[in-house]
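Observations on the model geometry
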Amino acid sequence: MHSWLNAWAEALRFADRLFYRDWWNVTSFAGFVRCQNVVVHNFLYTYVYKDFYDHVLRSRRAASIVAFAVSGLVHELLLAVAFRFIYPIMLGQFVLMGLLTANVNLGNVFFLASLAFTNGVEVSLYSMEYYARRNCLGVVDSVGRWSLEGLVPVSWNCGAVSSFDGNWTVKAPWS
């Protein structure tokens, strides 16, 4: 992402190249969000948080939850397009972490450990769902098509696997 932003800054002759601050020294989730991606934070603050606060409801907590939800929805949309299914783990993570730790100082070590844990759980759940959709009986043909079946998580009730060859070999998803 840093290279992508640098390429656009170079093409548009944009001098300020502050894309992130020292996010590794933050002690709260709100500080992480502010420092990890300055461009996205400034956009969400200006066009979602402030507009919601000024024009809809004068509540900082509600405006913050809406900004986290919009960010989670956009991230979820990107993953849905990439994986071709909707599995709202990232949306839940954004909203839940925004609710629980928005203004709480957890300490640097605990915060980074919880961030690593939640990202690990997220990667595990998305990959479990992806491979369940590819290998469960009755669902193999529906991967790659958008339908209402794409809204129901397959990994929760996958009973039989269709491509087990007995050697415990892993097949590449593109083959």
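Residues numbered from 1 in each chain as written. Predicted model: local features only at pLDDT ≥ 70, side-chain atom pairs only at ≥ 80, totals over all residues. Heavy atoms only, no water.

In this section: helix α6 (residues 108–135). End to end, α6 covers 40 Å across 28 residues, agreeing with the expected 40 Å (1.5 Å per residue, within 8%). Within α6, the full set of buried residues consists of F111, S114, L115, T118, E122, Y126, E129, Y130, A132 and R133. (Helix = DSSP H or I, 4+ residues; strand = E, 2+ residues; numbered from the N terminus. Expected span 1.5 Å × (residues − 1). Buried < 20%, exposed > 50% of the residue type's maximum accessible area, 1.4 Å probe, protein only.)

Next up on the list: the packing of aromatic side chains. In the structure shown here, the tally under the stated rule is 12 aromatic pairs. Ring geometry for W23 and W24: centres 5.7 Å apart, planes at 75 degrees, overall edge-to-face. For W23, a relative accessible area of 30% translates into the label partly exposed. Ring geometry for W23 and F32: centres 5.9 Å apart, planes at 85 degrees, overall edge-to-face. The class for F32 is buried, based on a relative accessible area of 12%. (Phe/Tyr/Trp six-rings, centres within 6.5 Å; stacked < 30°, edge-to-face > 60°.)

Running from N to C, helix α3 (residues 38–55) and helix α4 (residues 60–83) cross one another at 140 degrees; their axes reach a closest spacing of 8 Å. By the angle between their directions, the pair α3 and α4 is classed as oblique. When the axes of α3 and α4 are compared, the crossing they make is right-handed. Mapping the contact onto sequence places L44, V48, Y49, F52 and Y53 in α3 and R60, A62, A63, S64, V66, A67, V70 and S71 in α4. Each residue belonging to the contact of α3 with α4 can be placed in one class, and the counts come to 10 nonpolar, two polar and one charged. (Axes fitted to C-alpha atoms, helices over the stretch in contact; angles between N-to-C directions. Parallel < 35°, antiparallel > 145°, perpendicular 65-115°, else oblique. Left-handed = near helix turned anticlockwise from the far one by under 90°. Contact = heavy atoms within 4.5 Å. Nonpolar A, V, L, I, M, F, W, Y, C, P; charged D, E, K, R; others polar.)

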